[in-house]
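So the chains spell out like this:
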Amino acid sequence: MARKKKRKGRYRLGIVIFMSFFILMISFFAYMTNTTLEEVLEKKYPDGIVVHQEQYGESQSQAQ
């Protein structure tokens, strides 16, 4: 009788790639939801940035 070889406990490559991609996507979306663009730009350019206000057109018309 032929003996069956005992299978070693190996991870399948496809499962490892899928899980690593899944973890990467979760961490990316968590970062994107918890940080704002202004925070990132202030860290990168501490001297100051130009931030356009939503009421830009209204404030100019009120000033005139």
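Residues numbered from 1 in each chain as written. Predicted model: local features only at pLDDT ≥ 70, side-chain atom pairs only at ≥ 80, totals over all residues. Heavy atoms only, no water.

This brings us to the overall build of the chain. The helix and strand tally for the chain stands at 3 helices and 0 strands. Sequence-ordered secondary structure for the chain, helices as α and strands as β, is α-α-α. Accessible surface for the chain amounts to roughly 7,300 Å². Of this, 60% is attributable to carbon and sulfur atoms. (Helix = DSSP H or I, 4+ residues; strand = E, 2+ residues; numbered from the N terminus. Areas by Shrake-Rupley, 256 points an atom, 1.4 Å probe, with all protein chains shown as cover.)

Further remarks concern a nonpolar patch on the surface. A cluster of nonpolar side chains, namely Ile-15, Phe-18, Met-19, Phe-22, Ile-23 and Ile-26, defines an oily patch on the protein surface of about 610 Å² accessible area. Take Met-19: it is sitting in helix H1 (residues 13–34). For Met-19, a relative accessible area of 39% corresponds to the partly exposed category. (Patch = residues over 30% accessible without salt bridge, like charges linked within 9 Å, V, L, I, M, F, W, Y side chains within 5 Å. Salt bridge = Lys/Arg side-chain N within 4 Å of Asp/Glu carboxyl O. Buried < 20%, exposed > 50% of the residue type's maximum accessible area, 1.4 Å probe, protein only.)

Let us now look at the packing of aromatic side chains. Enumeration over the complete set of coordinates arrives at 2 aromatic pairs. Between Phe-18 and Phe-22, the ring centres sit 6.3 Å apart and the planes meet at 15°, which makes this aromatic pair stacked. Highlighted residues: Phe-18 and Phe-22, both in helix H1, separated by 4 residues, approximately one helical turn. Relative accessible area serves as the criterion here: at 52%, Phe-18 is assigned to the exposed category. (Phe/Tyr/Trp six-rings, centres within 6.5 Å; stacked < 30°, edge-to-face > 60°.)

The next subject is the confidence of the model for the chain. Mean pLDDT for the chain: 79, with 66% of residues reaching 70 or above. Within the chain, the lowest mean pLDDT, 56, falls on helix H3 (residues 56–63), and the highest, 94, falls on H1. (pLDDT = per-residue confidence, 0-100.)

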